[in-house]
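A structural walkthrough
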Amino acid sequence: MRDNRPPYWRQRRVVEAFGSGRSGGADGPPLITAARRPPRPPRRFTAHLGFEADGSEQARDLAVAYAEALSLLRPELVLGAAALSPADAWHRAERLFCGAPGPDGERCADVAGHPGFHHAAGPGGLGWGEGDG
């Protein structure tokens, strides 16, 4: 590459050299147009909340309570993706909720490792599974 100018300046110079101009004008449409990229799909992000607890059981209970409370305030939050890890070891994250897939496409909203049926979110959520396992 001989010059360090951005490529759109070079394209503009080429278009003007062919006589079509930037707006098309009387000579017709421009020969070179800007690239059209499709819009980026929405990406997922994670919020890490720090809190203190006496032990891992109390930390799990607090984390479940925080996740459920946040999901009531902001319904777009994904409960099934909530995880708990020590503050200095994010690579040891453990899921907080079951997330088992149901027959109608919903996910189990109970805590991970729960006994019995799986239940969809909400007060009248559908139940499925093996029962009192």
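Our structure's up above, just so we're on the same page.
So, here's what we can say about the structure. As the structure is a prediction and not an experimental result, all values here were calculated from the model.

Re the nonpolar core
Formed by Ala59, Ala63, Val64, Ala67, Ala82, Leu84, Leu96 and Phe97, the largest nonpolar core amounts to 8 residues. Ranked by the residues each element gives to this core, the list is headed by helix H2 (residues 56-73), at 4 residues. Leu96 has contacts with Arg60, Ala63, Val64, Ala82, Ala83, Leu84, Val111 and Ala112, leaving out every residue within four places of it along the chain.

Regarding the packing of aromatic side chains
Counting across every chain of the model gives 1 aromatic pair. On the basis of an interplanar angle of 75° and a centroid distance of 5.3 Å, the ring pair of Phe51 and Tyr66 is categorised as edge-to-face. Of this pair, Phe51 sits in the loop between helix H1 (7-17) and H2 while Tyr66 sits in helix H2, placing them 15 residues apart in sequence. Looking at Phe51, the relative accessible area reads 28%, which means it is partly exposed. Classification of Tyr66 as partly exposed rests on a relative accessible area of 38%.

What counts, and at which threshold
Residues numbered from 1 in each chain as written. Predicted model: local features only at pLDDT ≥ 70, side-chain atom pairs only at ≥ 80, totals over all residues. Heavy atoms only, no water. Core = buried A, V, L, I, M, F, W, Y, C linked by side-chain atoms within 4.5 Å. Buried < 20%, exposed > 50% of the residue type's maximum accessible area, 1.4 Å probe, protein only. Helix = DSSP H or I, 4+ residues; strand = E, 2+ residues; numbered from the N terminus. Contact = heavy atoms within 4.5 Å. Phe/Tyr/Trp six-rings, centres within 6.5 Å; stacked < 30°, edge-to-face > 60°.

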